[in-house]
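Tertiary structure, described
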Amino acid sequence: MTATLAPTAVRAPAAAQPPRTLLPLVRQRFRRDRVQLLAWIAGFALLASVGNTAVESTYGTEAQRVEVLQLIQQTPAVLMLRGTPQGPAADAFQYFLLFAFLGVLIGLMSTFLAVRHSRAEEESGRAELIGATPAGRSTPLVATVIEGTVLCVVIGVVSALGYLLGGADREGSWLAGAALAVTGVAFLGVGLFSAQLMRTSRGANGLAAAVVTLSYVLRGLGDATGTVHADGVSMTAAWPSWLSPIGWGQAVAPFSPQTGQLLWPLAPGLALGAVLVVASLWMQAHRDVDSSVIPERAGRLNAPRSLSGPLGLSWRMQRNAVIGWMVAGAIFGLLIGALGETMLKLVQAGDTGAADVTQTLGNTLSTLAGPGAEGSFIDLFTAAMFSLVGIIAAVGTVQAMVRARQDEAAGTAEIVLAAPVTRLHWFGGYLAVGVFTAVLVLGSAVLGAVIGLTRSAGLGDRAASVALAGLAQLPAVLLLLAIVALVFAVLPRTTIWLAWVVLLLAIGIGQFGGLLGLPDAVRDASPFSHTPIVTAATAATVDWSATWVMLGLAVVVSALAAVLVRRRDLALGG
C-alpha cells in the first residue's frame, strides 16, 4: 500500500515581498545620501531666502530696476544667460535672475542621483545582489524614483519658504517652488532613462548632463528671441523655450502681473518625468543585467604607447570630460568678448537715467569681481565674468581628483598598482590632469574672449586684459585642487561628497559673498576672494602678492597629500 501526498499549494512569496522590500530600500537611499541631500537643500534654501534682499540692495529701487530691465531687453546675450524679465518687482526680478541657474542645478542634482542609484549600482555589482533577493529588479528603481521625487518636493518647499521669508508674494512663492520641483522631477526621469541607454555610469552622466545643458541652451535661444510686452519690462519667450523643462518652469511666471500666473506649464514637466520613469521601468524589467540599449564600443586589441604610464591612462579616462569643460569655457569666453562691448555701447548710448543704470550695473559687477574691486565699467565686467570662468575651471579640476577616488573605490586602481607603478606616480597622474584641466579651460575662455573682441576698438589692450583676467583665476583653482587632493589622502571614503561641498562653499562664499552681503572675514575663507582683480591691460598695475601665496600653498598641500597617499592603504568600496 502506498500513500500519496496531495500536492499542496505553494505560496508565491516573491509576489508579496516587493512591497516589504521597498521601504527598506528607500530608507537605505536616504541614509546613504543624507549628507549630500542636506547640502543640496540648504543651498537652495539659502539662495531663495537671500535673493530678494540681495536684489533690493544691489539693484536699488523699482524705478532703477525698470531702467536695468529696459537695457537688458536690448541685449540678447544677457537674456540667453538669465531668462525672460517678468517685471521690476523684487520677487519677479529675483525669479528672472535665478530660476534658469537653479533649473540647471536641480537638473544636475536629479540626473546624478538617478544614475548613482541605477547604472552605477549595476557597475559595482550591488544591483545584481539586490536583484537576487525578493526585491527583484524593479523595486530598487522605484525606491530611487521615490527618493528623487521627495527630494525635489522638499527643495520646492524650502525654496517657496525662502521666497516668503524674503517678502515675496505668497501665491507666487508656492508656484515658484512648484516650478522648481517639477523641473527636478522631469530631469530625474531623464537621468533614469539615460542609465538605461548607456553602458557605464560615466556615459549615462555625460548624456544626462548634455540634456540638461541642451535644455538651458534651448531656453536661452527662446528667451533671446522672445517678444517684449507693451510695458517694456516683461517678455514672452519664443518657441525654442517650450522645448526645455527649464523653459516650462520659467513660463509659470509666478510673480508676473502682466501675463498672469500660469499653472498649466507644470503639466509637460510632470508628463515627461512620468513617461521616462515608466519607460525606464519597462526597460529595466526586459533587459539583461549590465546590458544597455547603446552598447559599449569595443576597444583596441593593443594599447597605444600613450597608455604605457599612469599619466596617459588618467588622461585617456578623463579627456572627454576635459574637452567638454574646454568647450564650455570657450563658449563663455566668446560671450564675454561679444557681450562686454555691447553692454558698454548700450550704457554709453543711454539718455534717461544712463548714469544711474551704469552705477547700478557697475556696483553689481564690482561685488562679483571681488572685494574692493574698482575700475572702468568694461574692466569690472571682464573681471566679474572671468570669476565665473574660474568656477567652470574649478569644477573640471575637482572632477579629476574625484575620478581618482572612483577608480580606487572600484578596484581599478589596485590593478594598476599591481604593475610596476609607484603610488606616487599613480596619484601624480590625476593631479597633473587636474592642473592641465585648469590651464586648458582658462586658456580656452581667453581664446574665446579674444575672438569675441575682434571687432572692438583697442583690441590689443582688451586682449591683454582678458588674458590677465584668465591668468588671475589659476592660483585659486589650483589651491582648491590641492585641498581636494588632501581630502583624498586623509579621508578617502568621503572624497566625492566632501570635494563638492568644499567647492560649493568656496564658490558661494568667494564668488557670490558680495551679492549675499557676507562679511569680509567670512569671504576670506575662500581662495576665490584672494584672486587678483585685473582692471588694467598691464600686469605691473595688478597686485599679484596673493597669487604667490596661493601658489605656494597649492604646492605644499599637494606635496603633503602625495606623501599621505603613499603611506595609507587603498580604501576599496564606497
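Small disclaimer: the values here were computed from a predicted structure and weren't measured. (Residues numbered from 1 in each chain as written. Predicted model: local features only at pLDDT ≥ 70, side-chain atom pairs only at ≥ 80, totals over all residues. Heavy atoms only, no water.)

As for the overall build of the protein chain
Check the secondary structure of the protein chain and you find 22 helices and two strands. Relative to its full complement of 574 residues, the protein chain shows a buried share of 49%. Within the protein chain, residue pairs in contact and separated by at least 24 positions form 78% of the contacts whose partners lie at least 6 positions apart. On the protein chain, roughly 25,900 Å² of surface is accessible, and the fraction owed to carbon and sulfur atoms is 67%. (Helix = DSSP H or I, 4+ residues; strand = E, 2+ residues; numbered from the N terminus. Buried < 20%, exposed > 50% of the residue type's maximum accessible area, 1.4 Å probe, protein only. Contact = heavy atoms within 4.5 Å. Areas by Shrake-Rupley, 256 points an atom, 1.4 Å probe, with all protein chains shown as cover.)

What to know about helix H22 (residues 545–567)
Taking 1.5 Å of rise per residue, the 23 residues of H22 would be expected to cover 33 Å, and the 34 Å separating its terminal C-alpha atoms lies within 8% of that figure. Contacts made by the buried residues of H22 are with helix H17 (423–452) and helix H18 (459–490). (Expected span 1.5 Å × (residues − 1).)

Observations regarding the pattern of salt bridges
Inspection of the entire model under this criterion finds ten salt bridges. We note a salt bridge from glutamate 121 to arginine 32, for which the minimum N-O separation is 3.0 Å. Taken together, the residues span a long stretch of sequence, with glutamate 121 in helix H6 (residues 119–124) and arginine 32 in helix H1 (residues 13–32) at a distance of 89 residues. Taking relative accessible area as the criterion, glutamate 121 reaches 7% and is therefore assigned buried. Under the relative-accessibility criterion, arginine 32 is labelled partly exposed at 35%. (Salt bridge = Lys/Arg side-chain N within 4 Å of Asp/Glu carboxyl O.)

A short note on the environment of valine 398
Note that valine 398 resides in helix H15 (residues 377–410). As a C-alpha pair, valine 398 and alanine 499 span 101 residues in sequence and 7.1 Å in three-dimensional space. With residues near it in sequence (within four places) discarded, valine 398 still touches Val484, Ala499, Trp500 and Leu503.

Side note on the environment of glutamine 28
Within the fold, glutamine 28 resides in helix H1. Placed 119 residues apart in sequence, glutamine 28 and glutamate 147 show a C-alpha to C-alpha distance of 10.0 Å.

Concerning the nonpolar core
Among the nonpolar cores identified, the biggest contains 75 residues, and Phe386, Met401, Trp426, Phe427 and Phe528 are the most heavily contacted of them. In this structure, this core is formed jointly by two domains, domain 1 (37–286) and domain 2 (313–567), each of which donates at least three residues. Discounting residues that sit within four places of it in the chain, phenylalanine 427 has contacts with Met401, Ala485, Phe488, Ser558, Ala561, Ala562 and Val565. (Core = buried A, V, L, I, M, F, W, Y, C linked by side-chain atoms within 4.5 Å. Domains from an automatic or database assignment.)

What about a positive patch on the surface?
On the surface, a cluster of positive charge is made up of Arg202, Arg297, Arg300, Arg316 and Arg319. Looking at where arginine 202 falls in the secondary structure, it is placed in helix H10 (residues 201–224). The exposure class assigned to arginine 202 is partly exposed, which follows from its relative accessible area of 44%. (Patch = residues over 30% accessible without salt bridge, like charges linked within 9 Å, V, L, I, M, F, W, Y side chains within 5 Å. Lys, Arg positive; Asp, Glu negative; His and termini not counted. Charge placed at Lys NZ, Arg CZ, Asp CG, Glu CD.)

Overview of the packing of helix H5 (residues 90–116) against H10
For the pair H5 and H10, the least separation of the axes is 10 Å and the interaxial angle reads 160 degrees. With respect to their mutual orientation, H5 and H10 come out roughly antiparallel. Note on packing geometry: the crossing formed by H5 with H10 is right-handed. Touching Ala100, Val104, Gly107, Leu108, Thr111, Phe112 and Val115 of H5 are Ser201, Ala204, Asn205, Ala208, Ala209, Val212, Tyr216 and Arg219, all from H10. Broken down by class, the residue content of the contact of H5 with H10 amounts to ten nonpolar, four polar and one charged. (Axes fitted to C-alpha atoms, helices over the stretch in contact; angles between N-to-C directions. Parallel < 35°, antiparallel > 145°, perpendicular 65-115°, else oblique. Left-handed = near helix turned anticlockwise from the far one by under 90°. Nonpolar A, V, L, I, M, F, W, Y, C, P; charged D, E, K, R; others polar.)

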